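A look at the structure
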Amino acid sequence: MSKRLQALVIPVTAVILGLICGAIIMLIFGYDPIAGYSALVEGVIGEPFYIGETIRQATPYILVGLSVAVAFKAGLFNIGAEGQMLMGWLGSIIIAVNFDGLTKWIHLPLAIITGMVFGAIWAFIPGILKATLRVNEVIVTIMLNYTALYIFNYVVQNLLTDGLDKTQEVHASASLQSELLQSLTDYSSLHWGILIALGFALIIWLMLNKTTFGYEIEAVGFNENASQYAGMSVKKTIIFSMVIAGALAGLGGVMEGLGTYGTAYVLTSSPGIGFDGIAVALLGGSSPIGIVFSAILFGALKVGALNMPAVAGVPNELVNVIIALIIFFVASSYIIRWAMAKFKKGAKAE
Amino acid sequence: MTAILATIVSSTLLMAGPLIFTALGGVYSERGGVVNIGLEGMMVMGAFSAIVFNLTFQDTFGNLTPWISLIAAMVVGGLFSLVHAVATINFRADHVISGVAINFLATGLSLFLVKVIYDKGQTDQIKYYFGKPDIPVLSDIPVIGEIFFKNIPVMSYVAIIFAIVSWFIIYKTRFGLRLRSVGEHPLAADTMGIKVRWMRYQGVIISGILGGLGGAVYAQSFTLDFGHATISGQGYMALAAMIFGKWNPLGAMGAAIFFGFAQCLAITGGSLPFFKDIPDVYLQIAPYVLTILALVGFIGKSEAPKADGVNYIKGK
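Residues numbered from 1 in each chain as written. Chains lettered and ligands numbered in written order. Predicted model: local features only at pLDDT ≥ 70, side-chain atom pairs only at ≥ 80, totals over all residues. Heavy atoms only, no water.

Basically, it comes down to this: UniProt positions are given in the numbering used here, feature names are shortened, and annotations may be inferred rather than shown by experiment.
The name given to chain B in an unreviewed UniProt entry is ABC transporter permease, and the organism recorded there is Listeria swaminathanii. The Subcellular location (unreviewed entry) comment attached to chain B in UniProt states, word for word, "Cell membrane".

Naming follows an unreviewed UniProt entry, where chain A appears as ABC transporter permease of Listeria swaminathanii. Under the Subcellular location (unreviewed entry) heading, UniProt states for chain A: "Cell membrane".

Okay, here's the thing in structure tokens:
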């Protein structure tokens, strides 16, 4: 079996196994799996509104998935995409609500870039600690997630507003929202961010596959010592890949700030997009093309699930179980490969 | 002054108790060579099953309910950890990824079950929970009694005893030696006739039992119900405590108490002198920032077991 085909078989098998397990769970608890899944599908493609919502949900997933993937390629596990996303959201809102009278051509890019810079700075911390002092990036990024959440809420309440729980709406000159896209999709919250996300998927694909830097990232992720001997700067690569990862996750947050919500508000708990991004990157096999597809799949599952309680009586939390199981099957792909090898051998013997 | 100290000690220990149990769980798992980011999920399952068990049997067991619920939580935590064990030990999954999946699964599954059982997003409040009793006799000792033995979170003292016992188990018993050997050099251990997989299974299952216990203690001391925000990061804190404590039970305990202290400041700081004037946000982020600074300061000294996170494939 060619490598390319195998790269496709594993995620597809994982998704199918995840859905089958979901069906079994529904059966165990006395729900009708067919009704449940039809409600899910209807909630994704039943109406233009749902399609718009699915694409909107997939937008930050693509960017955060790319973030996790870039770090992963360099051998780093970026659990901190969540915090970087929050900082990006915050950065974009600070620019978006504090400047008035700028033209869209200046205001919007400025807000977007600020968000990316905020995310990048937040990821620079674990990057530099890992590169210079070998501090475990998993723990540092987890800690920075909480730090980001509290700073986010503090800034919203004390610096952007006077003790309010929500900032003012962003000025039209810094908004990603689009009346055209909304009216096309029956007034869903679809916004221009999807084009930015797809654009960055292309840029990251080019970076990883066509540039020396992309090659160095993969080399460092594959074998640090060998890369060092080959004359690459492992430290620089680690720091830069984290910074790029942070900028991408930050951009994911910008999508929420300038696109979906058009504001920043006090969060009682972390929104979880950064964590979902880990799932997106894993299912997408850390390849930008795979990530676009897995982001759309997870976006569809999340949005479609909202239709399940009303139509089929199935709690929408089931979808999170299915997503968890899909990651398990991807993580345990050894067993899938093993089964495929057995199957192939069996076929040959006949 | 004594009163302030008593408040600080009491709430520090209260916050630290669940972290100690869970961090100890992490020590067992990682000493055996299995990285356990899934501690958070094991706490979630423990908190969930304890609250459900507590609500279901409160009329049967009365005052004893929270204690018996602990057993339920430990059983569920232990069973749940099997998923991580199978994925990492048999299916050669990446330990961190499997751990992340464990956390996803625990949150998804527990909230799904809450909806199925109670038809709403969170459970009712429990009637019987862990109070803060005074210890007779000891609490009559002047000053010390008031600080350490009045108004105390009992389970936190149990946790400290667990930590000491765990230190003994890991460093002074045959089981501990074997567990450490499969975490340091599984091939050598295998050659000596130690069953690597079985040892690792035991480490992970103990981590599930202790993680479940930690979650149950937390839910039955603080939140008193179960919903999406019941366990929000305590498992990750416990993981950090374990690393900070150099994979040593007593070190993990010390780190957990330190985190408990930092969290206690974040919550009660506003009512204490010296801390009143500091904006909340600094106290809120203190535990996390201090953790990072501590990790930076402990460079080179905090080394994981050598084969931690490395899948052992026989014959390779």
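**Digging into the pattern of salt bridges**
All names here are of chain A. For clarity, the threshold we go by: Every case where a carboxyl oxygen of Asp or Glu lies within 4 Å of a side-chain nitrogen of Lys or Arg is listed as a salt bridge. Each helix is a run of H or I in the DSSP string that is no shorter than four residues. Each strand is a run of E no shorter than two, and both are numbered from the N terminus. A simple rule labels every residue: compare its accessible area, found with a 1.4 Å probe on the protein chains alone, to the largest value its type can have, and call it buried under 20%, exposed over 50%, or partly exposed in between.
Tallied over the full model, the rule gives nine salt bridges over all chains. Its salt-bridge partner being Glu218, residue Lys73 comes within 3.7 Å of it at the nearest N-O pair. Within this pair, whereas Lys73 is found in helix 3 (residues 48–73), its partner Glu218 is found in helix 9 (residues 212–222), the two being separated by 145 residues in sequence. In this structure Lys73 comes out as partly exposed when scored by relative accessible area, which is 21%. Ionic pairing is found between Lys130 and Glu137, a salt bridge with its closest N-O pair at 3.1 Å. Pair check on accessibility: Lys130 and Glu137 agree, each one buried.

**A closer look at the interface of chain B and chain A**
Definition in use: Note on definitions: a residue-residue contact is assigned when non-hydrogen atoms from the two residues lie within 4.5 Å. By buried area we mean how much accessible surface two parts lose on assembly, using a 1.4 Å probe and totalling the loss over both. As used in this structure description, the phrase polar contact means that two N or O atoms lie within 3.5 Å; if the pair is within protein, one of them must be able to donate a hydrogen and the other to accept it, and residues adjacent in sequence are counted only when both atoms belong to side chains. Polar here means any residue outside two lists: the nonpolar Ala, Val, Leu, Ile, Met, Phe, Trp, Tyr, Cys and Pro, and the charged Asp, Glu, Lys and Arg; Gly therefore counts as polar.
In this complex, chain B contributes 42 residues to the contact, which on the side of chain A involves 41 residues. Taken together, both faces of the contact between chain B and chain A bury some 3700 Å²; the carbon and sulfur share is 85%. For the interface between chain B and chain A, the tally reads one salt bridge. Residues Glu317(A) and Lys115(B) are paired through a salt bridge, measuring 3.0 Å at the closest nitrogen-oxygen approach. Our count for the contact surface shared by chain B and chain A stands at one residue pair in polar contact (both at pLDDT 80 or more). If you tally residues by element for the side of chain B that touches chain A, the top one is helix 4 (residues 95–118) of chain B, at 15 residues. Broken down by class, the residue content of the side of chain B that touches chain A amounts to 31 nonpolar, eight polar and three charged.

**Quick notes on the environment of Trp122(A)**
Residue and element names in this part refer to chain A. Looking at where Trp122 falls in the secondary structure, it is placed in helix 5 (residues 104–133). The buried category is assigned to Trp122, whose relative accessible area is 11%. Considered as a pair, Trp122 and Met85 are 37 residues apart in the sequence and their alpha carbons are 9.2 Å apart. Every residue in contact with Trp122, bar those within four places of it in the chain, is listed here: Gly83, Gln84, Met87, Leu144, Thr147, Ala148 and Ile151.

**Description of the environment of Thr59(A)**
Residues and elements named next belong to chain A. Topologically, Thr59 is positioned in helix 3. With a relative accessible area of 0%, Thr59 lands in the buried category. As for Thr59 and Leu190, which are separated by 131 residues in sequence, their C-alpha atoms are 9.2 Å apart. If we skip the residues at most four places from it in the chain, Thr59 touches His191, Gly193, Ile194, Ala197 and Met255.

**Observations concerning helix 3 of chain A**
Residue and element names in this part refer to chain A. How we decide: To estimate how far a helix should extend, the number of its residues minus one is multiplied by 1.5 Å.
For helix 3, which comprises 26 residues, the first-to-last C-alpha distance of 36 Å matches the rise-based estimate of 38 Å (1.5 Å per residue) to within 8%. Helix 3 sits mainly inside the fold: 19 of its 26 residues count as buried. Backbone geometry just after helix 3 places Gly75 at a positive phi near 80°.

**Observations concerning the confidence of the model for chain B**
Residues and elements named next belong to chain B. Rules: Every residue gets a pLDDT, meaning the predictor's confidence in that residue, from 0 to 100.
Here chain B averages 89 in pLDDT, while 97% of its residues score no lower than 70. At the low end of the mean pLDDT range in chain B sits helix 5 (residues 144–149), at 78; at the high end sits helix 9 (residues 196–223), at 96. ipTM for the predicted complex: 0.88, alongside a pTM of 0.91.

**Points about the packing of aromatic side chains**
The line we're drawing: For this analysis, a ring pair means two rings from Phe, Tyr or Trp (six-membered ring only for Trp) whose centres lie within 6.5 Å, classed as stacked if their planes differ by under 30 degrees, edge-to-face if by over 60, and tilted for the remaining angles.
If you walk through the whole model with that rule in mind, you get 21 aromatic pairs over all chains. A centroid spacing of 5.4 Å and a plane angle of 70° characterise the contact between Trp89(A) and Phe152(A), whose relative ring orientation is edge-to-face. Residue Trp89(A) is located in helix 4 (residues 81–98), and its partner Phe152(A) is located in helix 6 (residues 137–160); the two are separated by 63 residues in the primary sequence. Exposure remark for Trp89(A): the relative accessible area of 1% places this residue in the buried category. The buried category is assigned to Phe152(A), whose relative accessible area is 0%. Ring geometry for Trp167(B) and Tyr171(B): centres 6.0 Å apart, planes at 45°, overall tilted. With a gap of four residues between them, Trp167(B) and Tyr171(B) both fall in helix 6 (residues 154–172), about one helical turn apart.

**A word on a nonpolar patch on the surface**
Residues and elements named next belong to chain A. Here is the rule: Patch membership is restricted to residues that have no salt bridge and whose relative accessible area is over 30%. Joining uses 9 Å for like charges and 5 Å for the nonpolar side chains Val, Leu, Ile, Met, Phe, Trp and Tyr. Residue-level accessible areas treat just the shown protein chains as cover; the underlying method is Shrake-Rupley with a 1.4 Å probe.
Taken together, Leu5, Leu8, Val12, Ile16, Ile20, Ile24, Ile28 and Phe29 make up a surface patch of nonpolar side chains, about 730 Å² in accessible area. Here Leu8 is to be found in helix 1 (residues 3–28). Residue classification places Leu8 among the exposed positions, given a relative accessible area of 53%.

**Quick look at the environment of Glu169(A)**
All names here are of chain A. Its place among the elements puts Glu169 in the loop between helix 6 and helix 7 (179–184). Each C-alpha atom, one on Glu169 and one on Val117, is 22 Å from the other, the two residues being 52 residues apart in sequence. With near-sequence residues (within four places) excluded, Glu169 lies in contact with Val97, Tyr261, Gly262 and Thr263.

**As for the nonpolar core**
Which entries qualify depends on this criterion: Remark: nonpolar core denotes a set of buried residues (Ala, Val, Leu, Ile, Met, Phe, Trp, Tyr, Cys) joined through side-chain atoms within 4.5 Å.
Core analysis: the largest hydrophobic core is formed by 193 residues, its most contacted members being Ile112(A), Leu258(A), Phe298(A), Ile20(B) and Ile37(B). Beyond its immediate chain neighbours, meaning those up to four positions away, Phe298(A) contacts Tyr61(A), Ala279(A), Val280(A), Leu283(A), Ile323(A) and Ile326(A).

**Regarding helix 12 (residues 273–283) of chain A**
All names here are of chain A. By the criterion of burial, helix 12 is predominantly enclosed, with 10 of the 11 residues buried. Within the sequence span of helix 12, burial applies to Ile273, Gly274, Asp276, Gly277, Ile278, Ala279, Val280, Ala281, Leu282 and Leu283. Directly beyond the C-terminal end of helix 12, a positive phi value near 60° is found at Gly285.

**Remarks on the UniProt feature "transmembrane region" (unreviewed entry) in chain B**
Residue and element names in this part refer to chain B. Here the UniProt feature "transmembrane region" (unreviewed entry) sits at residues 6–27, 34–55, 67–89, 96–118, 154–171, 201–220, 256–275 and 281–299. Across residues 34–55 one finds 77% helix and 0% strand; the C-alpha atoms that close the span lie 34 Å apart. Helix and strand shares over residues 201–220 are 100% and 0% respectively, and the end C-alpha atoms of the span are 28 Å apart.

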